[in-house]
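So the chains spell out like this:
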Amino acid sequence: MNFKLNIITASLLLASAPVLSANFAVSQANITQVDQQNYQCKRCEVNSGYRGNVSVAAGYIESDDVHAANAFGTDQDGFVATANADVQYQNADGYQAKFQTHQLGYENSFALMSAGKPGLFNIDAGYQLITTYQSGDAQSNLYYDQGTLVGSTLPYAFELSQQREKMALQAEVQHDMYQGYVQFDTEDKSGYTSSSVMNPSPVNIGLVVDSTTDSFTAGAIVNGANWLTELSYFVSQYDNNSQDLSFTYLDDVYAAAPDNEAHQVSLSGQYQLDSTVMSGRFIVGRMIQDDDLISMNGNPIQNWDGEVDTTDATLKVSSMLSNRLRVGGSYDYSNRENNSSVFEFQQYTFNDLNDTFKENIATDIERATYKLNAKYRISQGYRLQAGYDREEIDRSYSVREETHDDTLWGKLSIRAIDNVIIDIKAEHSNRDGSTYQTDELTSSEENALMRKYYLANRTRNNVELSINHTPLNWLGVDISAHYAKDDYDDTVIGLTESEDYGVNLNLNATVSKHVSLYGFASQQWINSAQASSQSYSTADWYTDVEDEFINIGTGIHYGGLLQNKLTLGADYLFSNSNSDTYITSTGTTPYGDYYSYNHSVNMYANYNLSNEMALKLTYRYERYYDTDDAQMSLDETTSFITLGELNHNYSAHQVMLNFSYLL
Amino acid sequence: MTESALNKPSINDTCYSCHAEKRGPVLWEHAPVTENCVTCHNPHGSVNESMLTHRAPQLCQQCHADDGHASRVVQQPGVDAFGGGKSCLNCHSQIHGSNHPAGSTLQR
């Protein structure tokens, strides 16, 4: 059994997904996959000495919008330089070391070091910078003086961006059947994010982000030939260094996110008996938040004893009953028990404290999930999978305290036709639950016909088809399509239906020994309909939202030129997202423009100066445009203050010359 | 360390590992946030900022129809504080919950 995974590299892999999708979704397809190759175990190679390569790159970036830094990895403009390394060392006794850096000097970069002897010990250290840019041109006339927002007459421009600087250390030791590990990491987050305060009319602000999250994990593993058990402890501490906000004339308009800590103890195990594998896990946790509360009239306490206890358990069994049939099942239980105290706090009506007192609500949530599935090989080339899942959720203080989702699914995999792989998946699910109740703790003014979509009765149907065809040994074609539909038939007010469908086409061709080409195109639609009631009775107005994405890309890689010394290549990507909203009350009116598009071009020439040395010239072009009619300039309204129009419209260029040396 | 130790017990726990400020608990929780982050965020991407399944006001109006402003028609996005700028979040900015003693309506 091999369960090993390094947390630092794993968190990098993990991090890459949300980060890249973090900037406006249009760049989705632009995800430059973290090269998995670099993280694979290289321990089986016996050659000793140094291996790998080091490189330095220098170049020039021309950009007048900091948003381009999301694509280029740095917000530096003009001359830039960076270094990369990927070096491994191994000696005859089996000791290994590894050093890897990515874009050192850039605002998105990392460095990893690792040393050890497989089967004995390993030490890892990592450093990582992640920076995301929203806008370089947000406008505000509020300055920070500690926790006080001080107005000035003229607005100034500032950058909405956030940076995370993370350091991690990990050590592992192994002896026979015992293994132990400790891991520590600390992450500082800083920058500005957009938020809003009431003054008493709304004022959008650049909220200071300045916090540190430390976490520590320690664990021990014991394993035998067919079993493994692990005990671990995890603690995470969040410290917010930014303050509650006030105006000079209005106190405490914004409470900063409070410091908090979380603990978890986990016991897990795996056991294999013949062709049956069982695994289980039991976790108890506690989340604590007892930061000082803002002291004010109508607040009876100095600090709250926020405390949530969690219990999570998982049990999984999978068994090969015959050489054609595998069956499996699992049970997951999760309980979140909010044991925090409840007090009455005086609330505001608009901006005056009044006699309204409200109790805070300590919600408990309990979940159970059951899954059963079977995999059956019908004949050579045909495999059928089917399953039934049920999820039950109980939450307290809700208009609907219990809901359950039942799902039936099936999947047919066909490998019977030469060079063709076909997968068809279908799913049907149904949500129902307890009767609705008006709870005195939830809003009393809620329209009784409202069915919040996460609680509402729902029917979901989903089909997916994918075909991989390799008609010729140099040509691959992938086609996939999906259609999913959610119906909330019993909903009068709220989300009534939504659908999500799309198609993907992918072509890969290795035209000759030296030339490869690819192309892809995909389109996706997400539509939804909702009903509302302005008259506080039955539905009297409706909203339809129609979202659409398009991604088109193509590229060529041409090697073997000039006696195998020169490689040329180019990639082009176009992405577009569009959202249309229609309001129907007396007539139907559409919202204004809300879309974005992006052209990305990447061209390179790589020249091998010798067996060890290479020069690579790269040119990148980014054209990015987005517009959103909801954005308002500072003087467009007097009813509230915005950060200005945060739309983008730019072209940016990057030229880099990279020198690499193969060790 | 095994995969099991990296694998967080719930979606929210996974999100908290990088967004610890959302972990709380806070005095005034916003019920859907405590229950499941992906009720409003689509991790597969969306046309909206913050990977929101819908943006405000539509997102909010899929769950709120209170007597008064929550269910009013928001005709054009760029006109007033209901459709312009951050829409409902112009006033209800503490959308993930507030720790302000007077923060029950997620405004401070």
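None of the values given here were measured: they were computed from a predicted structure.

Chemist: Could you clarify how one ought to interpret the overall build of chain B in this entry?
Modeler: When its secondary structure is counted, chain B shows four helices and zero strands. Secondary structure of chain B in N-to-C order comes out as α-α-α-α. Counting only C-alpha atoms, chain B reaches 55 × 35 × 20 Å along its principal axes. Looking at chain B as a whole, 59% of its 108 residues are labelled buried. Taking all contacts inside chain B whose residues are at least 6 apart in sequence as the whole, residues at least 24 apart take part in 36%. Total accessible area on chain B is roughly 3,700 Å²; 58% of this is exposed by carbon and sulfur atoms. Measuring between centres, the 7 positive side-chain charges of chain B sit 7 Å from its 9 negative side-chain charges.

Chemist: I keep staring at the overall build of chain A and nothing clicks. Help me out?
Modeler: If you tally the helices and strands in chain A, you get three helices and 30 strands. For 663 residues, the compact-globule estimate of 2.2 N^0.38 gives 26 Å, and the C-alpha radius of gyration of chain A, at 29 Å, lies within 12% of that figure. C-alpha atoms of chain A, sized along the principal axes, occupy 80 × 65 × 55 Å. Counting across all 663 residues of chain A, residues that qualify as buried make up 42%. Within chain A, contacts between residues separated by at least 24 positions form 59% of all contacts whose residues are at least 6 apart in sequence. Working note: accessible area of chain A is about 32,800 Å², and carbon and sulfur atoms make up 54% of it. On chain A, the mean spot of the 38 positive side-chain charges and the mean spot of the 86 negative ones are 15 Å from each other.

Chemist: Could you clarify how one ought to interpret the packing of aromatic side chains in this entry?
Modeler: The relative placement of two aromatic rings is captured by the distance of their centres and the angle of their planes. Applying the stated criterion across every chain, the model contains 16 aromatic pairs over all chains. Ring geometry for Tyr483(A) versus Tyr501(A): centroids 5.8 Å apart, planes at 40°, classification tilted. Pair noted here: Tyr483(A) is in strand 22 (residues 475–487) and Tyr501(A) is in strand 23 (residues 494–510), with a separation of 18 residues, a long-range link. When its relative accessible area of 34% is taken as the criterion, Tyr483(A) is described as partly exposed. Here the aromatic cluster, defined as three or more aromatic residues joined through ring pairs, consists of Tyr143(A), Tyr144(A), Tyr156(A), Phe158(A) and Tyr192(A). Over the ring of Tyr436(A) we find Arg451(A), and its NZ or CZ is 3.8 Å from the ring centre. Between the NZ or CZ atom of Arg72(B) and the centre of the ring of Phe82(B), over which it lies, the distance is 3.8 Å.

Chemist: Would you take a moment to explain the pairing of strand 8 (residues 202–223) of chain A for this structure?
Modeler: Note on strand geometry: in a regular strand, side chains alternate between the two faces of the sheet. Residues and elements named next belong to chain A. In this sheet, strand 8 lies alongside strand 7 (residues 178–198) in antiparallel orientation, the contact comprising 21 bridges. Bridge assignment links Gln179 to a residue of strand 8, and that residue is Ile221. Summarising the sheet, strand 8 and strand 9 (residues 227–240) pair through 13 bridges and their orientation is antiparallel. Across the sheet, Gly219 pairs through a bridge with Ser232, a residue of strand 9. Following strand 8, the chain reverses through three residues before pairing antiparallel with strand 9.

Chemist: What is the right way to look at the side chain of Lys189(A) in this model?
Modeler: Inspection of the secondary structure puts Lys189(A) in strand 7. Buried and unpaired, Lys189(A) has Glu21(B) as its nearest opposite-charge partner, separated by 4.4 Å. At 3.1 Å, the side chain of Lys189(A) and the side chain of Gln162(A) are in polar contact. Setting aside chain neighbours within four positions, we find Lys189(A) in contact with Gln162(A), Gln163(A), Arg164(A), Val209(A), Asp210(A), Ser211(A) and Glu21(B).

Chemist: Where do I start with the confidence of the model for chain A in this structure?
Modeler: Regions with low pLDDT carry predicted coordinates that are not meant to be interpreted in detail. Predicted confidence across chain A gives a mean pLDDT of 90, with 91% of residues reaching 70 or more. Element-level mean pLDDT values for chain A span from 34 in helix 1 (residues 7–22) of chain A up to 98 in strand 19 (residues 402–414) of chain A.

Chemist: Looking at this model, I keep getting lost on the environment of Ala56(B). Mind explaining?
Modeler: Take Ala56(B): it is sitting in the loop between helix 3 (31–35) and helix 4 (58–61). In contact with Ala56(B), other than residues within four places in its own chain, are Lys86(B), Ser87(B), Cys88(B) and Leu89(B).

Chemist: What is the right way to read the pairing of strand 19 of chain A from this model?
Modeler: Residue and element names in this part refer to chain A. Here strand 18 (residues 382–395) pairs with strand 19 via 13 bridges, running antiparallel. Each residue of the ladder has a partner; that of Glu392, found in strand 19, is His404. A loop of six residues connects strand 18 with strand 19, the two strands running antiparallel in sequence, and Tyr397 in this loop sits at a positive phi of about 55°. In this sheet, strand 20 (residues 420–433) lies alongside strand 19 in antiparallel orientation, the contact comprising twelve bridges. Looking at strand 20, one finds that Ile414 is bridged to Ile422.

Chemist: Can you walk me through the pattern of salt bridges in this structure?
Modeler: Opposite charge on two side chains allows them to pair when their charged atoms are near. Residue and element names in this part refer to chain A. Applying the stated criterion across every chain, the model contains 20 salt bridges over all chains. A salt bridge links Asp487 to Lys485; its shortest N-O distance comes to 3.2 Å. An identical accessibility class is assigned to Asp487 and Lys485; each is buried. Here the salt bridges do not stand alone but share partners, grouping Arg286, Glu307 and Asp309 into one network.

Chemist: Can you walk me through the interface of chain B and chain A in this structure?
Modeler: When the parts of a complex come together, some accessible area is lost, and that lost area is often taken as the interface size. Opposite the 76 residues of chain B that make contact, chain A presents 119 residues. Interface of chain B and chain A: buried area, both sides summed, is about 8,100 Å²; carbon and sulfur atoms make up 53% of it. The tally of links between chain B and chain A comes to three salt bridges. With a shortest N-O distance of 2.7 Å, Arg395(A) and Glu35(B) are connected by a salt bridge. In this assembly, chain B and chain A are joined by 37 residue pairs in polar contact (both at pLDDT 80 or more). Counting only elements with at least two residues in the side of chain B that touches chain A, the list comes to helix 1 (3–6), helix 2 (11–16), helix 3 and helix 4 of chain B. The residue inventory of the side of chain B that touches chain A, partitioned by class, reads 29 nonpolar, 32 polar and 15 charged.

Chemist: Teacher, can you tell me more about unusual backbone geometry here?
Modeler: Backbone geometry follows two general trends: most residues other than glycine have a negative phi, and most peptide bonds adopt the trans configuration. Here the residue pair Asn199(A) and Pro200(A) is connected by a cis peptide bond, since its omega of -10° sits within 30 degrees of zero. Here Pro200(A) shows up in the loop between strand 7 and strand 8. Here the residue pair Gly24(B) and Pro25(B) is connected by a cis peptide bond, since its omega of 5° sits within 30 degrees of zero. Within the fold, Pro25(B) resides in the loop between helix 2 and helix 3. At Asn564(A), a residue that is not glycine, the phi angle is positive and equals roughly 65°. Residue placement: Asn564(A) occurs in helix 3 (residues 561–564).

Chemist: Any chance you could explain the state of the cysteines here in plain terms?
Modeler: The bond known as a disulfide is covalent and runs between the sulfur atoms of two cysteines. Residues and elements named next belong to chain B. Summed over all chains, the structure comprises zero disulfides over all chains. Looking at the unpaired Cys60, the closest cysteine sulfur is the one in Cys88, lying at 3.7 Å. What makes Cys60 buried here is its relative accessible area of 18%.

Chemist: In this structure, what is going on with the confidence of the model for chain B? I would like to understand it.
Modeler: Per-residue pLDDT for chain B has a mean of 91; in total, 94% of the residues score no lower than 70. Listed scores for the predicted complex are pTM 0.93 and ipTM 0.95.

Chemist: What is the right way to read the environment of Gln76(A) from this model?
Modeler: Residues and elements named next belong to chain A. Mapped onto the secondary structure, Gln76 falls in the loop between helix 2 (69–72) and strand 2 (78–90). Placed 447 residues apart in sequence, Gln76 and Gln523 show a C-alpha to C-alpha distance of 34 Å. Other than its neighbours up to four places away in sequence, Gln76 contacts Ile61, Gly105, Tyr106 and Glu107. Polar contacts involving the side chain of Gln76 include one to the main-chain carbonyl oxygen of Gly105, which spans 3.1 Å.

Thresholds applied
Residues numbered from 1 in each chain as written. Chains lettered and ligands numbered in written order. Predicted model: local features only at pLDDT ≥ 70, side-chain atom pairs only at ≥ 80, totals over all residues. Heavy atoms only, no water. Helix = DSSP H or I, 4+ residues; strand = E, 2+ residues; numbered from the N terminus. Buried < 20%, exposed > 50% of the residue type's maximum accessible area, 1.4 Å probe, protein only. Contact = heavy atoms within 4.5 Å. Areas by Shrake-Rupley, 256 points an atom, 1.4 Å probe, with all protein chains shown as cover. Lys, Arg positive; Asp, Glu negative; His and termini not counted. Charge placed at Lys NZ, Arg CZ, Asp CG, Glu CD. Rg over C-alpha atoms; globule rule 2.2 N^0.38 Å. Phe/Tyr/Trp six-rings, centres within 6.5 Å; stacked < 30°, edge-to-face > 60°. Lys NZ or Arg CZ within 6 Å of the ring centre and 35° of its normal. Pairing = 2+ DSSP bridges. Salt bridge = Lys/Arg side-chain N within 4 Å of Asp/Glu carboxyl O. Polar contact = N/O pair within 3.5 Å; in protein donor to acceptor, adjacent residues only side chain to side chain. pLDDT = per-residue confidence, 0-100. Buried area = accessible area lost by both parts, 1.4 Å probe. Nonpolar A, V, L, I, M, F, W, Y, C, P; charged D, E, K, R; others polar. Disulfide = S-S within 2.5 Å.

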